[in-house]
Amino acid sequence: MDWRDFRKSGHWPTLLAAFLYFDFSFMVWVVLGPLSLYIAQDIALDVSQKFTVVAIPVLFGALLRVPLGMLADHIGPKRAGLLAQVLVMAALAYAWLVGLHSVLALEVFGFMLGMAGASFAVALPQASRWYPPKYQGIVLGIAGAGNMGVVLDSLLVPQAAEAWGWRAVFGVLLIPMAIVFVLYVLMAKDAPEQRTPVSLANYRAVLGDRDTWWFMFFYSITFGGFVGLGNALPLYFTTWYHVSGVAAGLMVALVVFAGSMFRPVGGWLADRVGGIRSLQVLFCVVAVSYVVVGLLPQGPAPLAGAVADAKVAGWGIGELPGIAWLAVAAFFVGAMALGMGNGSVFQLVPLRFRREMGVVTGLVGAAGGVGGFFLAKTLGWSKVATGGFGAGFFLFAGLALVGLIGLAAVKTRWRTTWGAVAEARV
């Protein structure tokens, strides 16, 4: 790729601002994943409720992408992004200063965190509109790599909760959110390309196109898998392998690091070989990874008094049994494929729906969030119904194989219609 031409083609301050906005919004969006271990010590939650609490922000992050995407098309991405950031910071300030004292309060707070997850519908089209078709894969890969925020959550949140308590974490999160807000004000700029007014009729029109549904399904597998695992794995590791809260955070950080860092690689690969071909390989890797994880047995519990005192006690990161490291390795490979799959899907979307990018991005992103909600909920249901998590992982392995079949069904039509005039590999 010609990096000199790439730098001259668009507006890099906006690309950087979109990355930071999405990155730290994503960090806030999934904060209940690692924090749920600590909240559950003050608010009584059974296993199913724990997985529900971590799934609610994911669900509303998905649903709110549609109205926020519409708002961005009406008032401009920058104004919509600023409004969303103010609402999220207000929710964090409330949770920090007033507290969350019931399951209902947690659920309402989860709804507000969904506004952070909806940043996807603003940040990606805001960056995309500055660049020509040949750079869409790498641009959306960079902007979408903002999901690196889940890595920061996994690394830092358990440490902060152990040291200062879980309420203080919300106050700590306000610091980077305020800094990013100022940088976004200074750096982000809406593209000169005239926005097409968006209404519900626009959504009905794109929903009447079967390609929209295929992209939504593919992204529910890739992004749904990534964000669902990012939220559910802290509970999974502490339940299935009896690890401490801090160790669970470090294990999840390793897994989601792969998904975050390889998203731009997936966009770059899709630019080189075509999004369809790269997705075919990646869906196979995802399915195999889920099956391997689903077959792994439960790890041994530590003896009483054999682990260090902590708010969420269990095996430390240096004491993990081998089976737990094997699970991390399988999740790492699977998350890497999921992250690359995210980049590959969004190499194809702007090529197919250039004029409807804002609308389709909101719908596809929403489908990804819904996929994450169902992954987290399914793991909870699997544990309650069967006593283990295998059934949940096998179900999502099956969905990846259905995605592979779907690609085989559409690839010839896509390559011979809109793909033939896309000025990029499909």
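Procedures and definitions
Residues numbered from 1 in each chain as written. Predicted model: local features only at pLDDT ≥ 70, side-chain atom pairs only at ≥ 80, totals over all residues. Heavy atoms only, no water. UniProt positions renumbered as here; feature names shortened; annotations may be inferred. Core = buried A, V, L, I, M, F, W, Y, C linked by side-chain atoms within 4.5 Å. Buried < 20%, exposed > 50% of the residue type's maximum accessible area, 1.4 Å probe, protein only. Contact = heavy atoms within 4.5 Å. Phe/Tyr/Trp six-rings, centres within 6.5 Å; stacked < 30°, edge-to-face > 60°. Lys NZ or Arg CZ within 6 Å of the ring centre and 35° of its normal. Salt bridge = Lys/Arg side-chain N within 4 Å of Asp/Glu carboxyl O. Helix = DSSP H or I, 4+ residues; strand = E, 2+ residues; numbered from the N terminus.

Looking at an unreviewed UniProt entry, the protein carries the name MFS transporter, with the source organism given as Immundisolibacter cernigliae. In its Subcellular location (unreviewed entry) section, the UniProt entry covering the protein states "Membrane". UniProt lists a comment for the protein under the heading Sequence similarities (unreviewed entry), and it reads "Belongs to the major facilitator superfamily. Nitrate/nitrite porter (TC 2.A.1.8) family."

1. Looking at the nonpolar core
Formed by 151 residues in total, the largest nonpolar core has its most connected members in Leu92, Tyr236, Phe237, Phe331 and Phe346. The contact partners of Phe237, leaving out residues within four places of it in the chain, are His242, Val243, Ala248, Met251, Val252, Val328 and Phe331.

2. Topic: the packing of aromatic side chains
Centre-to-centre distance and the angle between the planes together describe a pair of aromatic rings. The tally for this structure, following the rule as stated, stands at 36 aromatic pairs. Every member of this aromatic cluster is reached through a ring pair, and the members are Phe51, Tyr236, Phe237, Trp240, Tyr241, Tyr290, Phe331, Phe389, Phe393 and Phe396. The ring centre of Phe353 lies 4.3 Å from the NZ or CZ of Arg352, which sits over that ring.

3. Section: the pattern of salt bridges
Following the criterion strictly, the structure yields three salt bridges and no others. Put simply, Asp211 and Arg352 hold a salt bridge, and the shortest N to O gap is 2.8 Å. Taken together, the residues Asp211 in helix α13 (residues 210–240) and Arg352 in helix α16 (residues 322–352) connect sequence positions 141 residues apart. The exposure class assigned to Asp211 is buried, which follows from its relative accessible area of 1%. The salt bridge involving Asp211 is made with Arg413; its shortest N-O contact spans 2.7 Å. On the criterion of sequence distance, the pair formed by Asp211 in helix α13 and Arg413 in helix α18 (residues 390–416) is long-range, its members being 202 residues apart. Counted as one network, the salt bridges with shared partners bring together Asp209, Asp211, Arg352 and Arg413.

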